[in-house]
Each structure stands twice: as structure tokens, then as C-alpha cells.
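Examining the three-dimensional arrangement
This is what each chain is made of:
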Amino acid sequence: MRREEPVPVPVARPVRWWRLRPWSRNHLMRRSDRYEATLVILTAVLVLLLIPVAAAFGTAAHTRLEQQAQALRAAVHHVPAVLLEDTYLAPDSPEYSIRPTGSQNTARARWTTPQGERTAAVPTAAPAKAGETITIDVDADGDLTGPIPDSREIPVLAMTAACGVWALTAGGVLLSTALAHRLFHRNRLRRWEQEWTQFDLPPREPR
């Protein structure tokens, strides 16, 4: 009667990872295997440590953006402007890039500054006709100002910057580890091939 071979019991992945720890007493682990396991542990620790670093970067970015927004708000002046034409839907072109988010009503207008009159396409809150007077925001030189981030946009921008920094740095670390793992694996296969070649050699006859 043929004896049935025992079915191998699958080992859970966390158990396999624990067996590959650098300080394992397993004599089958090579020195390169321990180096690779140490590299994996250091990578995991570094990726976790990058989280508070990215959070600090996001906090600093939030503070800087808030200060810039306050400085822009302090430098903005409200001046009257006369529309030279009826408002229309602003096309997507650099000339009409200075307008609040979601603003579509645009028309060319003229306003007065200490340096003289200015004419440019300005956004309006609602449709208007030529000859109407609206209020626009200009800087100290009388130039039309762009949209200033409000208190709701700044946290989103800061969080996006923090996530971007973490993703870039963590991705670089993980990519380096993956390349190192590939080199370790190629070296491991080469060593196995050399050992199998030596194992297949016929025994030498005694002299």
C-alpha cells in the first residue's frame, strides 16, 4: 500500500515575515538575507517617521499661505470701474485668468488709478450692461488682483502639499528598497545556482 505524503500546511504571511527577522537563529539564513531583512525594517520605520515630517511641512505651508493671504487682503483696494461692454462668458485664455473661482461673467472695464486710467477684462458677480459701474479689487499700483485663497481653501492646499511631500519621499524610499531587494534576489539565485552546480559534481576518487 502506497503511503500518502502529508499535505504541507500553509504558513500565514505574518509568520513568514517573523521567521525572516534579522535576529532569527535560523542557520539557513545567509548574511545577505539578514541584511535584506534589516533594510526592510529600516524602510518601514522611515516611511512611518516621514508622516510627522510631512505633517510639519503641511503646518508650515498652512501658516505661510495664511500670512500671504492676509498680506494680499491688506494690500487690496476697492475701486469703481465702468463697464465698456455687456458681460459675457469668459473664455479659457490667459487674458481672463484673473477672476474668482466659478466666475463666468466678464467684460472689459475702465478704472482710474494715481498713475492714470487702466482698461482690462474684469469679472462681475452677475450679468451687467455697458455703462454700469461695478467695484473691483486692485493692488497699490492699480493693477487688477487675482483671486485670494479664502480660509476654506488654505487647509486643503496645505494638506495637499503635506500628502505630496510624504508620497514623493516615501515613494523614493520604497523604490530604493525595491531595487535593493531585486539585487539581493539576483545574488541569491546566483548563489543557489553555484551551490547546485557543486552538488551535482561527481565525488572525487580517493588517490
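Structural data are supplied above this passage.
The paragraphs below set out a description of the structure included in this document. Numbers given for residues are sequential positions, taken from 1 along each chain in its written order. Local features in this predicted model are restricted to residues of pLDDT 70 or higher, and side-chain atom pairs are both shown and tallied only at a pLDDT of 80 or more, whereas totals for entire chains, interfaces and linings draw on every residue. Water and hydrogen atoms play no part in the side-chain values, which are based on all heavy atoms of the structure.

1. Structural notes on the overall build of the chain
In terms of helices and strands, the chain carries 3 helices and 5 strands. Taking all 207 residues of the chain together, the buried fraction comes to 22%. Any two residues whose heavy atoms approach within 4.5 Å are treated as being in contact. Considering only intrachain contacts with a sequence separation of at least 6, the fraction spanning at least 24 residues in the chain is 61%. Carbon and sulfur atoms provide 62% of the accessible area of the chain, an area that totals close to 16000 Å². Secondary structure elements are taken from DSSP: a helix is a run of H or I of four residues or more, a strand is a run of E of two residues or more, and numbering for both begins at the N terminus. We call a residue buried when its accessible area falls under 20% of the maximum for its residue type, exposed when it is over 50%, and partly exposed in between, using a 1.4 Å probe and counting protein chains only. The Shrake-Rupley method, run with a 1.4 Å probe, gives the accessible areas here. Residue values count only the displayed protein chains as cover.

2. What to know about helix 2 (residues 31–75)
Between its first and last C-alpha atoms helix 2 spans 65 Å; for 45 residues at 1.5 Å apiece the expected length is 66 Å, and the two agree. Within the sequence span of helix 2, burial applies to Ser32, Asp33, Glu36, Ala37, Thr43, Val47, Leu50, Ala54, Gly58, Ala61 and Ala69. In this analysis, the expected span of each helix is defined as 1.5 Å times one less than the number of residues it contains.

3. As for the pairing of strand 1 (residues 77–83)
By the convention used here, strands pair only if DSSP detects at least 2 bridges between them. Two elements, strand 1 and strand 5 (residues 133–138), share 6 bridges in a ladder whose sense is antiparallel. Its bridge partner lying in strand 5, histidine 77 is registered against valine 138. Across 2 bridges, strand 1 lies against strand 3 (residues 105–113) in antiparallel orientation. Paired with leucine 83 across the strands is alanine 109, a residue of strand 3.

4. Digging into the nonpolar core
Val79, Ala81, Leu83, Ala107, Ala109, Trp111, Val122, Ala128, Ile134, Ile136, Val138 and Leu144 form the largest nonpolar core, which has 12 residues in total. For this core, the elements supplying multiple residues, two or more each, are strand 1, strand 3 and strand 5. Here valine 122 is in contact with Leu83, Asn105, Thr106, Ala107, Ala109, Trp111, Ile134, Ile136 and Leu144, once residues within four sequence places are set aside. Here, nonpolar core means buried Ala, Val, Leu, Ile, Met, Phe, Trp, Tyr and Cys residues that are tied together by side-chain atoms lying within 4.5 Å of each other.

5. Notes on a nonpolar patch on the surface
Candidates for patches are residues over 30% relative accessible area with no salt bridge; among them, like charges are joined within 9 Å and nonpolar side chains (Val, Leu, Ile, Met, Phe, Trp, Tyr) within 5 Å. One speaks of a salt bridge when a side-chain nitrogen belonging to Lys or Arg is within 4 Å of a carboxyl oxygen belonging to Asp or Glu. A cluster of nonpolar side chains, namely Ile41, Val45, Leu46 and Leu49, defines an oily patch on the protein surface of about 320 Å² accessible area. Along the polypeptide, valine 45 turns up in helix 2. Owing to a relative accessible area of 43%, valine 45 belongs among the partly exposed residues under this scheme.

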